[in-house]
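For reference, the chains in residue letters:
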Amino acid sequence: MWCIAPKEDAGFVCQMEAVLDVYKRPFDAEYPVVCMDETTKQCTREVQKPIPASPGQSERYDGEYERNGVAHLMVFYTPLESRRTVRIADNHASGEWAEGVRDLVENQYPHAKKITLVMDNLSTHSGASLYRTFEPAVAHALMQKLEFVFTPKHGSWLNMAECEFSVLARQCLDRRIADVPTLTKEIAAWQTHRNENAKPADWRFTTDDARIKLKRLYPKVSCS
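An account of the accompanying structure is given in this report. Everything quoted here is computed from the prediction, not taken from an experiment.

## A few points about helix α1 (residues 10-23)
For step 1, the next point in the chain: Taking 1.5 Å of rise per residue, 14 residues should cover 20 Å, and α1 covers 20 Å from first to last C-alpha, within 8% of that figure.
For step 2, the next point in the chain: For α1, every residue scored as buried is listed here: F12, V13, M16, E17, V19, L20, V22 and Y23.
For step 3, the next point in the chain: In this structure, the buried side of α1 is in contact with β1 (33-46), β4 (115-120), β5 (146-151), α5 (160-173) and α7 (207-213).
For step 4, the next point in the chain: Looking at where α1 begins, the residue whose side-chain oxygen comes 3.2 Å from the main-chain nitrogen of G11 is D9.

## A closer look at the environment of K113
For step 1, the next point in the chain: Within the secondary structure, K113 is located in the loop between α2 (94-108) and β4.
For step 2, the next point in the chain: You can call K113 partly exposed: its relative accessible area is 48%.
For step 3, the next point in the chain: Taking C-alpha positions, K113 is 8.9 Å from A29, a pair spaced 84 residues apart along the chain.
For step 4, the next point in the chain: Beyond its immediate chain neighbours, meaning those up to four positions away, K113 contacts E30, Y31, Q144 and K145.

## Here's the deal with the nonpolar core
For step 1, the next point in the chain: Membership of the largest hydrophobic core comes to 35 residues, with the highest contact counts inside it found for M16, L73, V118, L168, L173, L183 and I187.
For step 2, the next point in the chain: Filtering out sequence-adjacent residues up to four positions away, M16 remains in contact with P152, W157, L158, A210, L214 and Y218.
For step 3, the next point in the chain: Core analysis: the next-biggest nonpolar cluster, separate from the first, contains 19 residues, M74, F76, Y109 and M119 among them.

## What about the packing of aromatic side chains?
For step 1, the next point in the chain: Counted by the stated rule, this structure contains four aromatic pairs.
For step 2, the next point in the chain: Here a set of aromatic residues connected by ring pairs shows up, and it is made of W97, F148 and F150.
For step 3, the next point in the chain: The side chain of R83 reaches across the aromatic face of Y109, ending 4.6 Å from its centre.
For step 4, the next point in the chain: The residue whose ring lies beneath R102 is F134, and the NZ or CZ to ring-centre distance is 4.9 Å.

## Some points on the pattern of salt bridges
For step 1, the next point in the chain: Scanning the entire structure with this criterion turns up 10 salt bridges.
For step 2, the next point in the chain: In this structure, E8 engages K220 in a salt bridge whose closest nitrogen and oxygen atoms are separated by 3.3 Å. Highlighted residues: E8 in the segment before α1 and K220 in the segment after α7, separated in sequence by 212 residues.
For step 3, the next point in the chain: With a relative accessible area of 40%, E8 lands in the partly exposed category.
For step 4, the next point in the chain: Here E164 makes a salt bridge to R84, at a shortest N to O gap of 2.8 Å.

## A look at helix α6 (residues 180-197)
For step 1, the next point in the chain: Counted at 1.5 Å a residue, the expected span for α6 with its 18 residues is 26 Å, and the 25 Å between its end C-alpha atoms agrees.
For step 2, the next point in the chain: Here α6 has its buried residues at L183, I187, W190, Q191 and R194. The buried side chains of α6 occupy one side of the element, clustering within an arc of 105° when seen end-on. The exposed set on the far side of α6, more than 90 degrees from its buried face, consists of P181, K185, H193 and E196.

## Points about the side chain of Q191
For step 1, the next point in the chain: Looking at the element boundaries, Q191 is found in helix α6.
For step 2, the next point in the chain: Residue classification places Q191 among the buried positions, given a relative accessible area of 18%.
For step 3, the next point in the chain: In this structure, Q191 is in contact with R84, T85 and V86, ignoring residues within four places of it in sequence.

## Quick look at the side chain of S126
For step 1, the next point in the chain: Following the sequence through the fold, S126 ends up in the loop between β4 and α3 (127-133).
For step 2, the next point in the chain: For S126, the side chain forms a polar contact with the main-chain oxygen of S123, separated by 3.5 Å.
For step 3, the next point in the chain: Ignoring sequence-local partners within four residues, the contact set of S126 consists of W97 and F148.

## Section: unusual backbone geometry
For step 1, the next point in the chain: Positioned with a positive phi, S82 is a non-glycine residue whose angle comes to about 50°.
For step 2, the next point in the chain: Looking at where S82 falls in the secondary structure, it is placed in the loop between β2 (65-78) and β3 (83-89).

The rules behind these values
Residues numbered from 1 in each chain as written. Predicted model: local features only at pLDDT ≥ 70, side-chain atom pairs only at ≥ 80, totals over all residues. Heavy atoms only, no water. Helix = DSSP H or I, 4+ residues; strand = E, 2+ residues; numbered from the N terminus. Expected span 1.5 Å × (residues − 1). Buried < 20%, exposed > 50% of the residue type's maximum accessible area, 1.4 Å probe, protein only. Contact = heavy atoms within 4.5 Å. Polar contact = N/O pair within 3.5 Å; in protein donor to acceptor, adjacent residues only side chain to side chain. Core = buried A, V, L, I, M, F, W, Y, C linked by side-chain atoms within 4.5 Å. Phe/Tyr/Trp six-rings, centres within 6.5 Å; stacked < 30°, edge-to-face > 60°. Lys NZ or Arg CZ within 6 Å of the ring centre and 35° of its normal. Salt bridge = Lys/Arg side-chain N within 4 Å of Asp/Glu carboxyl O. Arc of directions from axis to C-beta.

Rendered as structure tokens:
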């Protein structure tokens, strides 16, 4: 699904071009660009045992199932390194996001001078969440290592982390998974395989492209 902003939306194009400028940057290990996104997965337990596949017959399972909790998924994806980390929690509170960011800064990129974090503009995605979760000295130290760049409203397609969730959904989550421990194991296997085999992202949509293909989003400016 593509969500495009209304016509002549200055706020949208301002944030869109900021994201596209970030995507033009060459790879620099000291200044990595990381895309972050969140989603959920409903765990469902089978009520009736599925009938296994056999020659000439695909697997069959009953339409009835039992809900068994919802897992919250958070991905941190470095497109130019083809590196992704999926965190799994039971909620999407600001503390979960803050813990993910701390892990990103202190464990994944401890030697980076500045990490550019591309994400949507949820209320939990802010420095305030760091200060609500950690002591001031810790929150301040994390903020010194971070640059936040937000995708515009109706512009989640600009976040490359959303593309990773699309791949995860097709390759791993597009089926019934009974519980969170099983989900965690399956996602860990997917993450390892993809980190070892996927190529770096090749983002080709540029600001010049946007000004042509999405011209209707740009305000009409009358020259005086």
